[in-house]
Structures are given as C-alpha cells and as structure tokens.
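Spelled out from the first residue to the last, the chains are:
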Amino acid sequence: MVATGGRRLPCVGMLRRTAATVTLVVTLTAGWALPTPPAHAAVTPCSRGTVALTFDDGPHARSTPRVLDVLAGRRVKATFFQVGSMVAANPAVARRVHADGHVLANHTYRHENLTRLGNADIRRTIDRTNRAIVGIGAPKPTLVRPPYGATSTRVRDVISGMGMRQLLWDVDPQDWRSGRSAATIRDLVLRGLRDGAVVLLHDASANVDRSIAALPAIIDGARSRGYCLGTLDQAGRVVPPVPAARIDDVEVTEGAAGTKRSAVLTVRLSEPTSRAVSIDWTTVDGSAVAGEDYKAASGTLTIPRGATRGTIKVTVRGDDLDEPNERFTIRLRSPAGVTLARAKARVTILDDDPPAASTKADASAERDAGEGAADTAQTPDAPADADVPTGAPTEDGDAATGATAEEDVQEADDDSGAPTGPATEASDAGTGGDP
C-alpha cells in the first residue's frame, strides 16, 4: 500500500527496486484471467541468468513452514524480509528459515510506513528488527525493504546511515490481493522475469494459500525458461545458487600386460548454476602405486553453466600378475563456485589374471634366481651344487601401500562400475549435464 491523498491504497503495480521514490506501473486488475503460458522448447538450465524469490511479512506460524517445504522440495534458496514482531511471536519458524539456508532481511518491526516516521523512529524500528533476527541465531541483516514500498530520499539516507541498504523489487504479482488466483500470480511472475530480477511474494497475507499454490509452478516455469533461482547478497545483488559437488567411487578391470585403460570418475553437482564452476583434482597412491599400476595425474575440472556433471579420466596400466585388487584415490580441492559434499573417491583396479598366472612374488623370485645363475656361470671355480646367493629385491617387487590416503573414502557399491575403453591420457574434460 502507498499513501495517497490522506488514504492508504493498495499498490497496483511494480516498484523498481533501484528507485529512490515510489513509481507505480498499472498492470492487471484482480479477476482478469490469463491464458496458460505456452509450452517452451527445452533450454539449457540457467542459460538466461538468475532471478531471486523474496517473501515479505512473515514469519507466520502456519504459512511460512508451507513455503519452506515447497522451497526445500525444489532445492531453492530465497530471501525472507521479516517483520520483527512476527519474529518475536514465531521464533522457531524464524530459526527454521535460517536453518534451511535462506537469507533473513529486515521489514521493520511492525510493518510501519517509513515515510510517516521521523528519522529516530525509522532507526528504532529497523534496529529492533535486527535485534530480533540476531536473537534467533541469524546474522545481522544488511538489507531493508520498506513496507508498502513507501520510501523517499530521506528514508533511504537514514537506512544508508545505519550501514544497511534499501532493497525493493522488480516483479510484483500482488499476490496479497484477496481472490487473486494462483494462475494469475504465476503468470504475472513468469511474464516479468529477466536476468537479475527480484520477485516479490508473501509468506503471510490473507491470500497466502494461493501464493503457496502458485509457488511450485513459478519455480518450475522459471527453470523451464532457462533461469536459475538464487538469493540476494549483502549488497542486494542477485547471486547464483552454489551447488554441492560429489565424486563417485569407480572400479576398472586392469587388462593384460602392456595395455592401458581409463578409470572414468563422475563429479555430480546437486543442481545447475548460471556460471561455470571449477574444482582442482589430483591422484593419491593407495595399494596401487603411480608409475606401476596407474599414471599419476592432476588437473582442473571445469563444469560449464547449466551442467550438472563432469568427468575425470585416469590411465590404469595392465599386467599379467595374479594379485589382489588395488586401489588409489582421487582427491578434490580448491572449489570455485561450488562446495564439496564429497571430496574423495576410491578407484579400485580389479585384477583379471587367472590364479595359475605368475604373481609379483613369483616374478621377483624368478628374476633373482636368474641373476644368481648368471653369477655362477661367471665363476668357474664354484661347485655345480653350491648355493647361489639371492639378490636384493628389485623395483618390480610388491607395491608399497598407503592406506592412510584413503582411510575416509567410502566403499564402492557392488554395482558401481565405470566404462572401460582404449588407452587415454589423464584428462579433466567436463561433460554436458542433465537437461
């Protein structure tokens, strides 16, 4: 609502979030029905940028948890502009908003029209709300949204003087209007989307049931149009989601002596994002030893915008020795634009040699015996039945073990195989993600 000629009227349009004064743009009146949006051709996820969902006027004891359930079910983070008195009345709900990973921001203590308050009262209501939010364990807010979008240069200057930033919105479906349908709310939001847009919704209003009913379709519709759903940073900028990355264990059969095969490991993101992300990786010895059982490698895996997976390839060397299965580790580090939910994976090299084949110990003994025989041939005075000294172990003896490098890596599933193929160099090429 805005103050107009001594009366308080509903705001019937969109408030630009960068405006210093209130600007109204007439859109649609309640009751107008919009056609169902046409089906969109498949687009690369996040290819059109990032938008932010924001919710005003909560936390409400009944409706806010329902909003949180929808967001959690679709892996969306949002920004909640909370009223201080509502935080005081519903602290457990406010704590859940924070615990679910959403941003908490300031919407004054009693939803006051800041243009009608003096400077001291503006500071008082904002500070009281900040203390309520900090009191439930959330960080001190940096963003303030004036109720009704009612602001002025004076209000903005007071907010700035408190070290905070005023933040309005770009897309307003007026979902608080009594009787406004979920379909209309959905359509008005989807029509207004653009890269960097801030969407205004409510988690507490007389029409909140329809707002919640529209929310899944808003999220799905935004994604189908190529948008990611992000949050607001401390400066009020829309920031992309930060996926969590996991790397999977893998098994590969070693092959015959002289052959090379690739262990192909998949790095999966929890969701797509609107920017490329990167992760450094390196191999670490276990019971398998670099240079003997596999080729040591390291690199940077880059997963492009909109993708949800990438692959790492490491060359495994074959032999004809009967031996136990051997293992080494791939370790992830230095993530950029992504967090690491699982930073290590174990590569198991499956021995495929039959039991009758030579073992590493047999091969070592045969070489030692050969060296002793050669020494005997070069010593004519030695009796034919004299004992031949055994030579020192050669570099082809048992591989050194390094269990500590993989102690905290989970066991691979029985069916977690990786495709094998022709010899390749260790690589870090990212592959396209899930559509």
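Scroll up to find the structure this text is about.
Residues numbered from 1 in each chain as written. Predicted model: local features only at pLDDT ≥ 70, side-chain atom pairs only at ≥ 80, totals over all residues. Heavy atoms only, no water.

S.K.: Would you take a moment to explain the pattern of salt bridges for this structure?
M.R.: Counted by the stated rule, this structure contains 12 salt bridges. Put simply, Asp209 and Arg66 hold a salt bridge, and the shortest N to O gap is 2.8 Å. Pair noted here: Asp209 is in helix H7 (residues 208-224) and Arg66 is in helix H1 (residues 63-73), with a separation of 143 residues, a long-range link. Judged by its relative accessible area of 36%, Arg66 is partly exposed. In this structure, the salt-bridge partner of Arg124 is Asp121, at a minimum N-O distance of 2.2 Å. Of this pair, Arg124 and Asp121 both sit in helix H4 (residues 119-135), 3 residues apart, which is roughly one turn of that helix. (Salt bridge = Lys/Arg side-chain N within 4 Å of Asp/Glu carboxyl O. Helix = DSSP H or I, 4+ residues; strand = E, 2+ residues; numbered from the N terminus. Buried < 20%, exposed > 50% of the residue type's maximum accessible area, 1.4 Å probe, protein only.)

S.K.: What exactly am I supposed to notice about the sheet that holds strand E13 (residues 260-269) here?
M.R.: Two orientations exist for strands paired in a sheet by backbone hydrogen bonds: parallel and antiparallel. Spatially, 4 strands are ordered E16-E13-E11-E18 in an open sheet, and the strand pairing comes out mixed. A single partner strand is all that each edge strand has here, and the edge strands are strand E16 (309-317) and strand E18 (339-342). For this sheet, the mean inter-axis angle between neighbouring strands, taken without regard to orientation, is 30°. In terms of strand pairing, strand E11 (residues 244-247) meets E13 through 3 bridges, oriented antiparallel. Bridging across to E13, Arg246 finds its partner in Arg268. (Pairing = 2+ DSSP bridges. Axes fitted to C-alpha atoms, helices over the stretch in contact; angles between N-to-C directions.)

S.K.: How do you make sense of helix H6 (residues 182-192) when you look at a structure like this?
M.R.: Side chains three or four residues apart in an α-helix point the same way, a direct result of the helix having 3.6 residues per turn. Of the positions making up H6, those classed as buried are Thr184, Ile185, Arg186, Asp187, Leu188, Val189 and Leu190. Lining the buried residues of H6 we find strand E8 (198-202) and H7. (Contact = heavy atoms within 4.5 Å.)

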